[in-house]
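Overview (structure and organization)
So you can see what is in the structure, the chains are spelled out below.
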Number of protein chains: 10
Amino acid sequence: MLKSIPPILGPDLLAILRAMGHGDEITIVDANFPADSSGPALVRMDGISATEILDAVLSLLPLDDFVDEAAIVMQTVGDPTRREPVVDAFEGILQQHEPSMSISSLERFAFYERVKKGYAIVQSGESRLYGNIILKKGVIRPAD
Amino acid sequence: MLKSIPPILGPDLLAILRAMGHGDEITIVDANFPADSSGPALVRMDGISATEILDAVLSLLPLDDFVDEAAIVMQTVGDPTRREPVVDAFEGILQQHEPSMSISSLERFAFYERVKKGYAIVQSGESRLYGNIILKKGVIRPAD
Amino acid sequence: MLKSIPPILGPDLLAILRAMGHGDEITIVDANFPADSSGPALVRMDGISATEILDAVLSLLPLDDFVDEAAIVMQTVGDPTRREPVVDAFEGILQQHEPSMSISSLERFAFYERVKKGYAIVQSGESRLYGNIILKKGVIRPAD
Amino acid sequence: MLKSIPPILGPDLLAILRAMGHGDEITIVDANFPADSSGPALVRMDGISATEILDAVLSLLPLDDFVDEAAIVMQTVGDPTRREPVVDAFEGILQQHEPSMSISSLERFAFYERVKKGYAIVQSGESRLYGNIILKKGVIRPAD
Amino acid sequence: MLKSIPPILGPDLLAILRAMGHGDEITIVDANFPADSSGPALVRMDGISATEILDAVLSLLPLDDFVDEAAIVMQTVGDPTRREPVVDAFEGILQQHEPSMSISSLERFAFYERVKKGYAIVQSGESRLYGNIILKKGVIRPAD
Amino acid sequence: MLKSIPPILGPDLLAILRAMGHGDEITIVDANFPADSSGPALVRMDGISATEILDAVLSLLPLDDFVDEAAIVMQTVGDPTRREPVVDAFEGILQQHEPSMSISSLERFAFYERVKKGYAIVQSGESRLYGNIILKKGVIRPAD
Amino acid sequence: MLKSIPPILGPDLLAILRAMGHGDEITIVDANFPADSSGPALVRMDGISATEILDAVLSLLPLDDFVDEAAIVMQTVGDPTRREPVVDAFEGILQQHEPSMSISSLERFAFYERVKKGYAIVQSGESRLYGNIILKKGVIRPAD
Amino acid sequence: MLKSIPPILGPDLLAILRAMGHGDEITIVDANFPADSSGPALVRMDGISATEILDAVLSLLPLDDFVDEAAIVMQTVGDPTRREPVVDAFEGILQQHEPSMSISSLERFAFYERVKKGYAIVQSGESRLYGNIILKKGVIRPAD
Amino acid sequence: MLKSIPPILGPDLLAILRAMGHGDEITIVDANFPADSSGPALVRMDGISATEILDAVLSLLPLDDFVDEAAIVMQTVGDPTRREPVVDAFEGILQQHEPSMSISSLERFAFYERVKKGYAIVQSGESRLYGNIILKKGVIRPAD
Amino acid sequence: MLKSIPPILGPDLLAILRAMGHGDEITIVDANFPADSSGPALVRMDGISATEILDAVLSLLPLDDFVDEAAIVMQTVGDPTRREPVVDAFEGILQQHEPSMSISSLERFAFYERVKKGYAIVQSGESRLYGNIILKKGVIRPAD
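Quick summary incoming for the structure in this document. (Residues numbered from 1 in each chain as written. Chains lettered and ligands numbered in written order. Predicted model: local features only at pLDDT ≥ 70, side-chain atom pairs only at ≥ 80, totals over all residues. Heavy atoms only, no water.)

**Brief notes about the interface of chain C and chain D**
Think of interface size as the accessible area that goes away when the parts come together; that is how it is often given. Across the boundary between the two partners, chain C contributes 12 residues, which contact 11 residues of chain D. Between chain C and chain D lies a buried interface of about 940 Å² when both sides are counted; carbon and sulfur atoms form 64% of it. Remark: the boundary between chain C and chain D carries 0 salt bridges. Where chain C meets chain D, there are 0 residue pairs in polar contact (both at pLDDT 80 or more). A class-by-class count of the residues in the side of chain C that touches chain D yields 7 nonpolar, 3 polar and 2 charged. (Contact = heavy atoms within 4.5 Å. Buried area = accessible area lost by both parts, 1.4 Å probe. Salt bridge = Lys/Arg side-chain N within 4 Å of Asp/Glu carboxyl O. Polar contact = N/O pair within 3.5 Å; in protein donor to acceptor, adjacent residues only side chain to side chain. Nonpolar A, V, L, I, M, F, W, Y, C, P; charged D, E, K, R; others polar.)

**Re the interface of chain A and chain F**
Each side of the interface is counted separately: chain A has 23 residues, and chain F has 23 residues. When the buried surface of chain A facing chain F is broken down by residue, M1, K3 and R18 of chain A rank first, second and third, together holding 39% of it. The tally of links between chain A and chain F comes to 2 salt bridges. At the surface where chain A touches chain F, the tally comes to 12 residue pairs in polar contact (both at pLDDT 80 or more). Along the lines of polarity and charge, the residues of the side of chain A that touches chain F split into 15 nonpolar, 4 polar and 4 charged.

**Description of empty space enclosed by the protein**
Scanning the model with the defined rule gives 4 cavities of 30 Å³ or more in all. What the largest cavity holds in volume is close to 180 Å³. Around the largest cavity, the lining comprises 13 residues; the ones closest to its centre are H22 of chain G together with D30, M74, Y112 and Y130 of chain H. Class assignment of the residues belonging to the lining of the largest cavity gives a composition of 8 nonpolar, 3 polar and 2 charged. (1 Å grid on protein atoms, 1.4 Å probe; cavity = no way out; pocket = protein on both sides within 12 Å on 5 of 7 lines; lining within 4 Å. Points joined across faces, edges and corners; volume = space filled by probe spheres on them.)

**A closer look at helix 3 (residues 85-97) of chain E**
Residue and element names in this part refer to chain E. Along its 13 residues, helix 3 runs 19 Å from first to last C-alpha, staying within 8% of the 18 Å computed at 1.5 Å per residue. Buried residues of helix 3: V86, V87, F90, E91, I93 and L94, and no others. Structurally, helix 3 contributes buried residues whose contacts are with helix 2 (50-58), strand 3 (71-74) and strand 6 (133-136). (Helix = DSSP H or I, 4+ residues; strand = E, 2+ residues; numbered from the N terminus. Expected span 1.5 Å × (residues − 1). Buried < 20%, exposed > 50% of the residue type's maximum accessible area, 1.4 Å probe, protein only.)

**Topic: the packing of helix 2 (residues 50-58) of chain H against helix 3 (residues 85-97) of chain H**
All names here are of chain H. Contact geometry for helix 2 and helix 3: axes closest at 10 Å, N-to-C directions at 15°. Looking at the two axes, helix 2 sits roughly parallel to helix 3. As for how helix 2 packs across helix 3, the hand of that crossing is right-handed. Every residue of helix 3 that contacts helix 2 at A50, T51, L54, D55 and L58 is listed here: A89, F90, I93, L94, Q96 and H97. Of the residues that constitute the contact of helix 2 with helix 3, the class distribution is 7 nonpolar, 3 polar and 1 charged. (Axes fitted to C-alpha atoms, helices over the stretch in contact; angles between N-to-C directions. Parallel < 35°, antiparallel > 145°, perpendicular 65-115°, else oblique. Left-handed = near helix turned anticlockwise from the far one by under 90°.)

**A look at the relation of the copies chain C and chain D**
Between the two copies of the chain lies a relationship made up of a rotation around an axis and a movement along it. Relative to chain D, chain C is turned by 180° and slid 0.0 Å along the rotation axis, the superposed coordinates differing by an RMSD of 0.0 Å. Read as a symmetry element, the transformation amounts to a two-fold axis. Residue M45 of chain C of chain C places its C-alpha closer to the rotation axis than any other residue of that unit, at 3.4 Å. Here 92% of the contact residues of chain C are again contact residues in chain D; the copies associate through an equivalent surface. (Least-squares fit on C-alpha atoms with pLDDT ≥ 70 in both.)

**A closer look at helix 4 (residues 108-116) of chain A**
All names here are of chain A. Along helix 4, the positions that sit buried rather than exposed are F111, Y112 and V115. Looking straight down helix 4, one finds that the buried residues subtend no more than 100° of arc, so they occupy a single side. If you follow the buried residues of helix 4, they end up packed against strand 1 (25-29), strand 3 (71-74), strand 4 (104-106), strand 5 (120-124) and strand 6 (133-136). For helix 4, the side-chain oxygen to backbone nitrogen distance between the N-cap and F109 is 3.0 Å, and the N-cap itself is E107. (Arc of directions from axis to C-beta.)

Below, the structure is given as structure tokens:
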């Protein structure tokens, strides 16, 4: 463990968050997501909820403020305007870290395709369906 | 996830538990333990308590009834007869799975040496000190 | 061996079944199938029948109830409506594990193509021709 | 599958049997044996009995007639003269392939040490305890 | 060496022949063939004639009787109907193992393309030009 | 880059600091140190001074308060009581992060031997001789 | 360290500069650039400014005088004719090493695509935005 | 070193020349050529002239007499009919080994493309520009 | 194939012979020798006699004339002064290549130990027992 | 090629020289030396004389002035006080780069042992016997 870094972030995930650059994307997925076959580097966090991971990741990772959509969830199949409870939880966590941002959404298969092109995936132990969220990394500006 | 297997047991840990044979040992260690430098194969489970992992592991892993000491903790440095609270928790879980067995203990450096010779290590997110336990795998007898 | 897990499931196959996610597919093939050249990860189980493996796999693997075809066999060449005896055996095993599902079928070359896109292959020792079956993994829903 | 080769012998095991030379040893072990941690190359044959494997292996592998002990089992712990039923079964199979040879035995820990120095291990699905046998490869003499 | 297996078949080639399935192809090529750059797994047998290797391979490998062309040679450039002496030798060996089959032929560049898609290549020490033959593996039917 | 983590700590070094456990040691060495041949994992930081790296590392890494010597430098050859200016600089940085600790020292060859047994080495661009320091990781205690 | 080679050039970067040939390109990027996901070999130099690296690299690397554009920066998004301060700094360094050359620029996404096709990337610790520059290697002509 | 083999041909280059088959191509390139990024296996021979390497290679490698162009150089950019002095030197060496053959040439970018598809590249220390030559391997005919 | 190099010497064996230096040893062993478990790099030449390989190897490899024993065979077990027919054949080949040298011999287990310390092993298809010979590489002296 | 770096120093050798630290040793050996079996990393420079390599290496590599013996050759076997001509050539080159240093020597087997413990070996094409020299790397002191 390290000082001031959330202890659920292990060595591999820390290295991935640090190595990502502007525009690279990481997806936190639920326990049923076909993560291993998606392609990007995979960090397993069986037993940890997606919301707990999101909170820890956003304590370190700046989101991209050059685009409108830096945090993206999957739309409910058959009811794209429905808001899943887990998404409400994601929204609350996002507000704490990035008050000016909001969550957008993608149709299921478009979501899958975007995950495949991302930098990494964290497979959580989230048991709630639709417990998936794509995060697009932003920049740290010079102190000035 | 799979039917009837505790969901916190991921693919690597499942494979390790299955590949171990009679007498092979796996150690669940706390978040401060120098696990990566110990040598055996390492599965990280940052964020999960050692007790939760012990419970899941013992639901699948038979302990060795050929020896007296199949579940071993580290003695408190400077007070070898002291019983740490986390050890009481381990004992309670052990009783649920193997009522006839009890936990034994090893002096700190003897414990380190034994871990190094084991088959694998699971690094938990256990924040309590002394949250470490060695488990020695037993046999499954023919149905007869 | 582990408690309550069918002993014919070794470490590699257990890890594969656990790592698969919703929609990933695993195919159990007979002893003559060109499995090694198909592409996906291969687990060999020479000497074990396809039916015995199917029974063990379905004791752990949930099938996909989001689609109509979660268990698929190869059609007999030249007689697509014929039902091979080994398929009857598959059907019986499927009924025991997933009473509401039934087996569908694919033309031979479509079957080959689908296997290539799957997550893994288990090469059994099944000597009966057409002893092949594709299984599509489903989800474990939250306990609620 | 190949003509005239027992189908339970897969590619890896065939290659091992062929690559071994005079005096190299292979051990067939039961399902509880700590095979993976022993060191030599490991072929898993979960679900197949040790006797079935022995019969297939001896159909191809010549045993060493330069030494007295070319087929060796583990002595029963605490009763070294006892003959386990699985050893009787081994003996019968050996007689069919090498009528002039007989099985010898080693004390448990000496057996473990010898396995570690061998060329390879086959982990069977044998559920009977003491279902382990070391085989020492012999030579094929020139046809003359 | 092993009982009843032609001694020129080493561990790698035995494993390849065993791992191939129905429809997979292996090509025995002459000493001048650009084998290493073709792509498939390569077994070198420098110094051994292609005919000697063909005889050994066919003693184990069933050919595909589901298709008309299971043994294919390269046509002489500029004279596609010419029969090279080495092809006559191949034909004689084929007759001994598969009396009902005959050798077909492919134009040179079509032959190259087909080799590239095959499972494996054996580079012989055959010094005769056109000493190349593609073999398509068949099935072993259940004993019934 | 990440929020609140010193930007000179790249992905590899972050992962190493996180993976280390209680008692594991990391050494920051100067630009002339034979780091690559010492054995432990090496992170190169050519061009960065040892003091700048020490400051960044100590902002995350807890030092071991179970032992008296958790920060150790190399003694000047021929004058073991001499205090090099770079060591004074190390001391000042240490005081900022761990006010109750002080730097100890080791004879040159004992220092080399200890580095070899450590977990990792960071090769700085430090041009000052004796710009080397061993750090022993401590624990993060439960929040209570 | 070596005589007469800038000490910030470590072993990996030296080898890369030496292995590059006529027309191969290396890009020095700022700390926010998505370097790891771009594809080419990556050398991290966290904490070192892009200008310091450019100066060191140009002390060894000849630029390509066969083309007009051998040093290329990224255009400011939304204002392609703007000259960022860091680019002025690049220009000054370039003039010292290659007085007859000047810097050209590329639109942002064209810049990304060109980086992906390059030989290598150096990720600096440059905190100024747009601190990226592509260098195209030239030839060393025979002494004559 | 070996009897009767030019000592500048080291183990890797000897193995490559031997493994190449009929029609495979190897290119000897000058010291400025972008060899490492071209793709094929690379043997570095820094400090040795291209002509010395050509002489050694042709002492072992038969050239392809099935095609008109078995030794190919790059045309001078802007003056395709010009004959570079190094090409005259190549021609003289070729005449000694293959009196009936002559050198042909390719436009620069067509030359690059052909090198990429070749089997291997030898990067010489040749300082003369245009010191590059592609060689197409021929056959060794049976002694008859 | 290459000009003037015996065609049974393939790429790997050529590279090994070339990479060996003064005093390094290579052993040609018969088909029953436990070559794969001996340790040194192994080249298989199933189907080729040891004498044919010896002749090809000695056409390239200088033997060590700094020592008395540069070609060594294994003594017949139980009859150390006996001369096996295959050793007579080795002697004849040695005389053709190195007329001033003769073959010496080693007791069986000393022979095994020496092979283990050698540079490489060639496993021939030699069916005659005792068809093993160690060769110690010599130097090529400067032309003077 | 790079500006102001001797062109015979390729990427691997440059990286090795740069990665070595104070006290690490590199040995330049002649063409007959058993370099590949010695253990340390090997760079082949077939065809280049040891003296040419020594001159290039010393243009970059500082020698160790903390010890008396930083450049060491092998003594002539049977005549330890004899000075080989190649050693005179080494001495002359050393004087140009390090006028205050001189060459020392080691008995043959002590020399071999020391090479084995070194950081790297460069195998030259040096045909003169005893063309071997060990170099011990020194430090670059701060500019002050």
